[in-house]
Each structure stands twice: as C-alpha cells, then as structure tokens.
Amino acid sequence: MTFPNADTARVACAQLTLRVGDQDGNRAAAREAIERAAAAGADVVVLPELTNSGYVFRDAVEAASLAEPLDGPTVADWTTLARRHRMIVVGGHCELDEDGLIRDSAVLVDPTGLRAVHRKAHLFGTEHEFFVPGAELPPVVDTSVGRIGLLVCYDQEFPEYVRTLALRGADLLCVPVNWPLFPRPEGERPSEVIRVQANAAINRMFVAACDRAGTERDVLWTGASVIVDLDGFPVAGPATETGQDLLIADCALAGARDKRVGEHNDVLGDRRPELYRSIISSVPLPTEEAR
C-alpha cells in the first residue's frame with residue numbers, strides 16, 4: 001500500500017467547549033472548528049469525545065435521548081465537510097447502534113464517506129450506566145495520508161490494547177477524549193498527557209489526543225489536547241484548560257513504519273512475546289483485599 005500524500009500530513013486537534021444536550025450548538029461548534037482546520041491546511045482533524053451529545057449525563061435516559069445512528073445528522077455533517085475540504089475527520093460520537101445499544105464511539109470519515117467506527121471498549125467511572133462497551137480490536141484504516149488507528153479516551157491507558165494498533169501498522173493514532181481535571185503536583189503535566197507520550201514513544205507512532213475545554217455541569221475539563229511525535233515529544237500542545245484551541249502539527253507519518261531505535265534495536269522486532277503472552281492472558285485480577 002502506498003500513500004501519495006504521506007510524506008507530511010498536517011494534523012489538527014480542535015479543542016472545543018461543548019454542552020450536554022445542546023446537539024445543534026455542538027454540531028455548530030464542530031463545524032466551525034473543522035472549517036478553521038481546513039483553512040489552516042489540515043489533512044486530518046480530531047474532535048473531542050462525545051462531541052455531538054456532551055458528556056455529563058443526568059441518567060441513562062438522557063444519554064439515550066442524545067444518541068444518534070451512524071447515518072444521523074452529525075456524521076452526515078462531518079462527511080459533507082470532509083468532502084468539501086478533501087480531508088479526514090475523526091470525532092467522538094454518542095451512537096445509537098443498529099441493535100439499539102448506546103455506545104461511546106469514535107468515527108472516521110473522509111471524502112468517500114464513513115470509513116470506520118470504534119466503540120469504546122474500556123469504560124471509565126460511571127460510563128457503564130450509560131454505554132455498552134465495545135468488544136472488538138480498534139480499527140486501523142488506510143487513508144490518503146497513511147494508516148490511522150482509532151481509540152476513545154480511557155482505551156489508550158491499556159498498553160496491550162494500544163500495541164495492537166502498532167502491530168497492525170498504524171502510523172497515527174487519533175483519540176477523542178474527555179479528561180476530567182484531577183489534582184496534580186504544581187508544574188507537572190497531566191498524567192493523561194504523559195500516557196499519550198508514552199504510547200507514542202514505545203510504539204513509535206504519532207498520537208493526536210483531542211480533549212475539550214471549559215466546564216460542564218460542574219465538571220472541569222483538563223484541556224491539554226496534544227499531538228505527539230514518534231519519540232514521545234509534543235509537537236503541538238498541550239493546550240490550556242480553558243482555551244478553545246486549534247492545535248496544528250506537520251507529521252511525517254511514513255516515519256512510523258520504521259520501528260528502529262538506533263542501529264541495534266527495534267521496538268517491535270525486539271519483543272519476546274513467548275515470555276509474556278500467557279501471562280497477559282491468564283493473570284487474575286487482584287482481589288479486593290490485595291487492592
């Protein structure tokens with residue numbers, strides 16, 4: 001597979017302020033951000049988790065009332081913009097799936113239409129009250145700029161899950177996120193950003209994680225959207241907590257296909273899965289007493 005435009009892809013993260021329940025307003029905010037990214041020459045733009053619905057639901061009934069099918073107005077809107085600007089849009093989507101289940105999903109659309117959907121497999125906090133988790137490996141999509149993998153927020157905190165994307169050739173990992181603000185020592189980066197950096201470095205792939213800004217029903221968001229290079233260093237961001245920032249970075253995605261580190265090492269070739277494959281699959285969870 002060759003990618004004619006893959007020497008450098010311009011990647012954007014559009015950190016937005018969204019409101020739970022304000023579907024029209026959220027779609028408008030996303031539309032404006034995509035237009036801004038296109039004007040800046042972006043090939044790929046990433047939007048936050050649950051862009052269409054907001055996040056802080058009162059109950060499962062409210063979450064269900066805000067869910068849309070994949071052929072609903074939000075994905076249709078993003079597809080229209082992707083065609084108009086010949087770009088790729090990745091966004092978080094409160095999804096009503098074909099079986100009537102509510103999912104916390106990420107979709108990827110390009111000028112040809114909907115290319116992939118990933119249903120969040122690892123649910124955080126009270127998300128089990130609203131969503132059914134996905135039960136599949138995350139997708140890796142061949143696009144005009146390279147191979148793009150999808151995760152949603154908490155998924156990227158499980159190294160085994162992230163590694164599957166690298167093993168299947170992802171050049172760029174796009175992660176819509178909603179990171180609630182947690183205390184941290186003064187001067188330190190959010191731990192969520194540190195994990196993004198680690199995932200990029202240990203897999204030698206680019207990662208674009210797009211958070212939201214502001215406050216929703218008394219939940220303050222971390223912000224800190226970030227685009228990270230193969231060595232684990234931010235090339236755009238982290239953004240600020242309050243800013244509706246548009247981060248832009250030019251990423252040489254083809255470099256992610258070279259997993260060598262120096263003359264003697266390769267982050268995938270040096271693995272010894274025979275030593276730990278059985279452990280990963282068989283170690284029991286700790287008991288409550290052990291925790």
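Structure report, in brief. Every value quoted in this text rests on a predicted model; they were computed, and no experiment measured them. Residue numbering note: each chain is counted from 1, following its sequence as written. Local features are withheld for residues below a pLDDT of 70 in this predicted model, meaning they are given only at 70 or higher, and side-chain atom pairs are given and counted only at 80 or more; totals for whole chains, interfaces and linings count all residues. To obtain the side-chain values, all non-hydrogen atoms of the structure were used and water was disregarded.

Details of the nonpolar core
Turning to step 1, where the next piece is worked out: Within the largest apolar cluster, 49 residues are counted, with the highest numbers of intra-cluster contacts made by Ile148, Leu172 and Ile227.
Turning to step 2, where the next piece is worked out: In terms of residues, this core owes the most to one element, strand 9 (residues 206-210), which gives 5 residues.
Turning to step 3, where the next piece is worked out: Among all residues touching leucine 172, those that are not within four sequence positions of it are Val11, Val44, Arg147, Ile148, Gly149, Phe206, Val207, Ala208 and Leu253.
Turning to step 4, where the next piece is worked out: Take the buried Ala, Val, Leu, Ile, Met, Phe, Trp, Tyr and Cys residues and link them wherever side-chain atoms come within 4.5 Å; each set so joined is a nonpolar core. When accessible area is computed with a 1.4 Å probe and restricted to protein chains, residues below 20% of their type maximum are described as buried, those above 50% as exposed, and intermediate ones as partly exposed. Core analysis: the next-biggest nonpolar cluster, separate from the first, contains 22 residues, Ala30, Ala37, Met87 and Val89 among them. Labels follow the DSSP assignment, with helices taken as runs of H or I lasting at least four residues and strands as runs of E lasting at least two, numbered in each case from the N terminus. The contact rule is simple, with two residues in contact once any of their heavy atoms fall within 4.5 Å.

Side note on helix 4 (residues 159-167)
Turning to step 1, where the next piece is worked out: Three or more residues of helix 4 are buried, namely Tyr161, Val162, Arg163, Thr164, Leu165 and Ala166.
Turning to step 2, where the next piece is worked out: Next to the buried residues of helix 4 lie strand 5 (113-119), strand 6 (140-142), strand 7 (147-150), strand 8 (172-176) and helix 5 (191-203).
Turning to step 3, where the next piece is worked out: Phi for glycine 169, located one or two positions after helix 4, is positive at around 90°.

As for the sheet that holds strand 1 (residues 9-14)
Turning to step 1, where the next piece is worked out: Two strands pair under a simple rule: DSSP has to find at least two bridges between them. Reading across from one edge, 5-4-3-2-1-14 is the order of the 6 strands in this open sheet, with mixed pairing throughout. Here the strands that pair on one side only, and so sit at the sheet edges, are strand 5 and strand 14 (246-251). Between one strand and the next, the sheet's axes are offset by a mean angle of 25°, whatever the strand orientation.
Turning to step 2, where the next piece is worked out: Of the pairings in the sheet, the one linking strand 3 (residues 88-96) to strand 4 (residues 102-110) comprises 8 bridges and is antiparallel in character. When the sheet's bridge partners are listed, glycine 91 is paired in strand 4 with valine 107.
Turning to step 3, where the next piece is worked out: Structural elements are reduced to axes, namely lines fitted to C-alpha atoms, with helices fitted over the stretch in contact, and the angle between N-to-C directions of any two is expressed from 0 to 180 degrees. Helix 1 (residues 23-39) contacts strand 1, strand 2 (44-46), strand 3 and strand 14 of the sheet and is inclined by roughly 40° relative to strand 14.

Examining the sheet that holds strand 6
Turning to step 1, where the next piece is worked out: Read across the open sheet, the 6 strands follow the order 6-7-8-9-12-13; overall the sheet is mixed. Each edge of the open sheet is held by one strand with a lone partner, namely strand 6 and strand 13 (234-236). Pairs of neighbouring strands in the sheet enclose a mean axial angle of 25°, with direction left out of account.
Turning to step 2, where the next piece is worked out: Set on the sheet, helix 5 makes contact with strand 9, strand 12 (226-228) and strand 13; between it and strand 12 the angle comes to about 25°.

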